[in-house]
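The residues making up each chain are set out below.
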Amino acid sequence: MSVTSIDPRLINLYSKETDLVGIEGAKKELYMMLLHGDDVSMRKQRIASIVGCAGLGKTTLAKSVYD
């Protein structure tokens, strides 16, 4: 019998958005940055970097905005 470990952060990828605490402000800011940006042209592709220490919820934030 083999034992495998699962990354405990993985469960947050499948959490309901209503269960996430404190993500609304950052989500709205990132959404507006991607939607409006600095360009006048709406056809340009936009890239935003989400940076920070491990465990802050960067992936969860990106997935929430993507969904």
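Residues numbered from 1 in each chain as written. Predicted model: local features only at pLDDT ≥ 70, side-chain atom pairs only at ≥ 80, totals over all residues. Heavy atoms only, no water.

Peer 1: Help me understand the overall build of the chain, please; the structure alone is not making it clear to me.
Peer 2: Broken down by element type, the chain carries two helices and zero strands. Expressed as a percentage of its 67 residues, the buried residues of the chain come to 12%. Look at the contacts in the chain between residues 6 or more apart in sequence, and 45% of them connect residues 24 or more apart. Accessible surface for the chain amounts to roughly 6,100 Å². Of this, 58% is attributable to carbon and sulfur atoms. (Helix = DSSP H or I, 4+ residues; strand = E, 2+ residues; numbered from the N terminus. Buried < 20%, exposed > 50% of the residue type's maximum accessible area, 1.4 Å probe, protein only. Contact = heavy atoms within 4.5 Å. Areas by Shrake-Rupley, 256 points an atom, 1.4 Å probe, with all protein chains shown as cover.)

Peer 1: Hey, could you run me through a nonpolar patch on the surface in this one?
Peer 2: Judged by side-chain polarity, Y31, M32 and L35 come together as a nonpolar surface patch covering roughly 260 Å² of accessible area. Residue placement: L35 occurs in helix α1 (residues 24–35). Note on L35: relative accessible area 32%, which makes it partly exposed. (Patch = residues over 30% accessible without salt bridge, like charges linked within 9 Å, V, L, I, M, F, W, Y side chains within 5 Å. Salt bridge = Lys/Arg side-chain N within 4 Å of Asp/Glu carboxyl O.)

Peer 1: Just checking my understanding: could you explain the packing of α1 against helix α2 (residues 58–66) for this structure?
Peer 2: For any two helices packed against each other, the geometry is given by the interaxial angle and the distance between the axes. Packing of α1 against α2 brings their axes to within 10 Å, and their N-to-C directions diverge by 60°. Regarding the angle of α1 to α2, the classification is oblique. Pair α1 / α2 crosses with right-handed handedness. For the pair α1 and α2, the contacting residues are A26, K27, L30 and L34 in the first and L61, S64 and V65 in the second. The residue inventory of the contact of α1 with α2, partitioned by class, reads five nonpolar, one polar and one charged. (Axes fitted to C-alpha atoms, helices over the stretch in contact; angles between N-to-C directions. Parallel < 35°, antiparallel > 145°, perpendicular 65-115°, else oblique. Left-handed = near helix turned anticlockwise from the far one by under 90°. Nonpolar A, V, L, I, M, F, W, Y, C, P; charged D, E, K, R; others polar.)

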